[in-house]
Amino acid sequence: MSGLERSGINLSTASPQAVKQPSAEVEICFMAISFEDDALTRSPTRIYLSYGMLAQPYITSDPLFVHTGVIPVTTGPHPLRTPHARSASMPVRGPAADARLEDVCWPGILWTLEDDRRPAYNNPPGCVHTFRAKTSVCEAYMLSAQVTIDIFDADTHHMIGSCGVTLRGVSTPGLVAGGSVEIVRRPDGGVVSGTSPAAAPIGKLYLRVAHVGRSAEILGGEVGRQPYLPGVMWPRKMIDVDPELRALIQSTLQDSVSIKESNPEAYRKVEQVRRIKAVSGFSPPDFATGPVTYSQTRSQQLATLHTTQTVRTRALQPSVRRHLTSSATVHVPVHAIFGHAYCVPFVAKNPYTTAATFVISWTDADVRAVMPDGAEAAYLARQHSSEVRWNKGGASTIVESADDRVKVFLNAAEDCFVPFMFQSFLPGGEGARTTVARDIVLTFACAKSGTILSLLNLEIIPTPFYSTQHARIYVAEKEVVRHVMRGNVDTSSGRAGGRTAIFDMARPGKLYVRCHDPDVVCEIVENTNTNLQTLTFKHTTRPAPSIHTLYFLLYNDPYHTTVCEIWRCVVHSLIPVHVSGTLGQPTNASVVVRGGSCSRAVGCWVDCPDIATVMRLSPMVLTANSLNEIPLLVRPKIVGTQQLILNVVDVDTTRLHSSYLLHLHTSAPPITKSFTLTLPRSTTQSKRISYTNPYARNKTFRLHTPTPHLLAFVHNTLDLGPGETVYIGLRLLAWSGDERVVDVMVMLNDEEERVEECLGLRIMYE
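Residues numbered from 1 in each chain as written. Predicted model: local features only at pLDDT ≥ 70, side-chain atom pairs only at ≥ 80, totals over all residues. Heavy atoms only, no water.

## Considering the overall build of the protein chain
From N to C terminus, the protein chain includes seven helices and 46 strands. In the protein chain, which comprises 766 residues, the share counted as buried stands at 44%. Counted over contacts in the protein chain with a minimum sequence separation of 6, partners at least 24 positions apart contribute 69%. Only carbon and sulfur atoms are counted for the fraction: they give 53% of the accessible area of the protein chain, which is about 40700 Å². (Helix = DSSP H or I, 4+ residues; strand = E, 2+ residues; numbered from the N terminus. Buried < 20%, exposed > 50% of the residue type's maximum accessible area, 1.4 Å probe, protein only. Contact = heavy atoms within 4.5 Å. Areas by Shrake-Rupley, 256 points an atom, 1.4 Å probe, with all protein chains shown as cover.)

## Here we look at the environment of H572
Here H572 is to be found in strand β31 (residues 563-582). Owing to a relative accessible area of 9%, H572 belongs among the buried residues under this scheme. A sequence separation of 98 residues divides H572 from Y474, and the C-alpha atoms of the two residues are 4.7 Å apart. Setting aside anything within four residues of it in sequence, one finds H572 in contact with R472, I473, Y474, V475, S546 and I547.

## Observations concerning unusual backbone geometry
What you tend to see is this: most non-glycine residues have negative phi, and most peptide bonds are trans. Here the amide bond leading from W106 into P107 is cis, since omega sits at 5 degrees, within 30 degrees of zero. If you check the backbone angles, N625 has positive phi at about 55 degrees while not being a glycine. Note on placement: N625 falls in the loop between β35 (620-622) and β36 (627-634). Its identity as a non-glycine residue notwithstanding, T654 has a phi of 55 degrees, on the positive side.

## With respect to the sheet that holds strand β23 (residues 438-446)
Consider a sheet: its strands pair through backbone hydrogen bonds, and that pairing is either parallel or antiparallel. In spatial order, the strands read β14-β24-β23-β16-β19-β18; together these six strands make up an open sheet with mixed pairing. The open sheet is flanked by β14 (329-336) and β18 (398-401), the only strands paired with a single partner. In this sheet, neighbouring strand axes are inclined to one another by 15 degrees on average, regardless of whether the strands run parallel or antiparallel. When β18 meets strand β19 (residues 405-410), the two strands line up antiparallel, connected through three bridges. From the neighbouring strand, E400 faces β19, where its bridge partner is K407. (Pairing = 2+ DSSP bridges. Axes fitted to C-alpha atoms, helices over the stretch in contact; angles between N-to-C directions.)

## Here we look at the pattern of salt bridges
Opposite charge on two side chains allows them to pair when their charged atoms are near. The final tally for this structure, using the stated rule, is 16 salt bridges. Residue D155 pairs with R46 through a salt bridge whose shortest N-O separation is 2.7 Å. Residue D155 is located in the loop between β10 (146-153) and β11 (159-166), and its partner R46 is located in strand β3 (residues 46-51); the two are separated by 109 residues in the primary sequence. Each member of the pair D155 and R46 is classed as buried. We note a salt bridge from R600 to D650, for which the minimum N-O separation is 3.5 Å. Remark: D650 occurs in strand β37 (residues 640-650) and R600 occurs in strand β33 (residues 600-606); sequence separation between them is 50 residues. (Salt bridge = Lys/Arg side-chain N within 4 Å of Asp/Glu carboxyl O.)

## Considering the packing of aromatic side chains
Counted by the stated rule, this structure contains 16 aromatic pairs. For the pair F338 and F465, a centre-to-centre distance of 5.0 Å together with 45 degrees between the ring planes defines the contact as tilted. Taken together, the residues span a long stretch of sequence, with F338 in the loop between β14 and β15 (342-349) and F465 in the loop between β24 (452-462) and β25 (469-476) at a distance of 127 residues. Comparing F338 with F465 shows no difference in burial state: the two are buried. Clustering of aromatic rings is evident, with ring pairs tying together F346, Y352, F358, W362, F420 and F444. Over the aromatic face of F425 sits the side chain of R514, whose NZ or CZ is 3.8 Å from the ring centroid. For R688, the ring lying beneath its charged end belongs to Y727, and the centroid distance is 4.1 Å. (Phe/Tyr/Trp six-rings, centres within 6.5 Å; stacked < 30°, edge-to-face > 60°. Lys NZ or Arg CZ within 6 Å of the ring centre and 35° of its normal.)

And the structure:
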């Protein structure tokens, strides 16, 4: 785990004398969070986390309160002493660095919330999530997986950032690791999450991970029966296994005289036996579960035996059929990984003394037969030499091939070898279908008589998978969008088992990609000089509001058999709103929101409040069954297209009411005067430009520029009389970029914040 240290704490609670079924638990405790100074325009008071772990679907935690006050917490006349103590020497950051009226300290301790959304200070701090899986599956997952955690503001539902947690340090059961991981976000404030090189750290998430080994003891099943041993079946009475027979015999003995009334001495002996067996761990026969032989006559006993024999004879034929089917069935476990292809050979023999045609049939859509002709068969034969082989006749042995059956012609006593492939593209999570544990039966039957001769049972066991690259994009609804993902790919081995064959020796690092959604068009650009791969895909978004997860599977071969890596992209479909404006001056816009069945108070939040501001006090009331207008004041900062997210959140329930995607189309103001300057690259220079008031009255102008990192003003305002001429003092800052020619604009706004004049400076650095 990046930033986590290993410790030798043994948390295993297994008993060495128990009959063990190895299992494991992974506990993740989220303890605290901190943010860098000036990293966020709004410090969140409540957050929630979203991530996926093992074979579980992606989960979202409950809202957590970020406590930045003093420790211990005072919730009444007496303070609560908590195990977390904050040192007095810890530096004070955040708002308390400027005004120490409140004791605000980072990192902020995470606390769960009560039903009334107040911090549950009476409970221990932190949030613990537990995941259970088999030991072998859990260890293999933690050795290579990296869990990506997305962090959201619980009040505004805007994404804050994401962090990646590597679990290699706690892959062995009994280890605990704790520490911090960096929270990253793109420098431009974008909403794409992941581990791209352009991501900038904005804070840290403090957590602790524990890997607990469990060994469950298998007890002796029900009280009074023989202990359970693997592979051993103890004989049992039919009256204990057949409820219908037990009810039939009990109904015939309802009129019999109880043993207590007819023979008290026998009843005393039965009670004594009951007490002895209860002490030894076995329960004696109950009067309510079956007949008592002491109170039955000989004729009643014969009738009971006759009834039992009749029921046994009736159930014998299905039981024999089940045993024959079990004897003719070959069980093959398949630990299925999402997108990976598994080859399973089907081996059968013609039991007849003459040649015949046989049919191999199945009903599952994830199973297909591999034909012996073609380049795919040759590649699979190189990769799976022991599983992929056919009869000597090759293609002449297979008479007919379809999606659900294969017909083969076999001579007398000839063996049949047909390889089958299982591959599932159901990832699961976030409402999607997943690969479920099931049995897929392939039948080998005679084509003429239909007699089943052999069965192959594929026991599908879903195995957890992980994705190495993550992205989260917000797009407009019902539009064709194009997106690019980049990341490093390790092509040395496949995802499942590490066994793969090179398809093209001339280009051993070439990758092939496909998406689990067939409606997505994707391709990967080959980079010959680096491992950095560029994935481009086109996708038609769904109606808003909706969240759709796309999984891109990278393969080493064009037949998509061995998974190399899995990339994940979460697509949020939002309602688009287009706003046009001019750089340097504010623009009024509005968003129309339809009210629901009842009026409600909502809060409106924009992810970049320095660009777009809601011009109405929060909370505002949405009138039921009507159109409500949300006024906005937009101040664009760059020329071109920019996207912002407006979330409308219910104040009472803190749920997201609606979400809108603001498309800002910004144009540059016309340049009235142009100047060209030649300056040294690494020094700061002072220049001045003359400007004359074109109005016949007093005028006040405000100076600003969209590139404050290159240009500063000596005075930010100009108070000019009618026709007065003054000099604008400029401070051209040092430039360390690669560009030698940079364009800078000087804007003069009037009292109404409209751009009166725009001066263009072309700076040429030596």
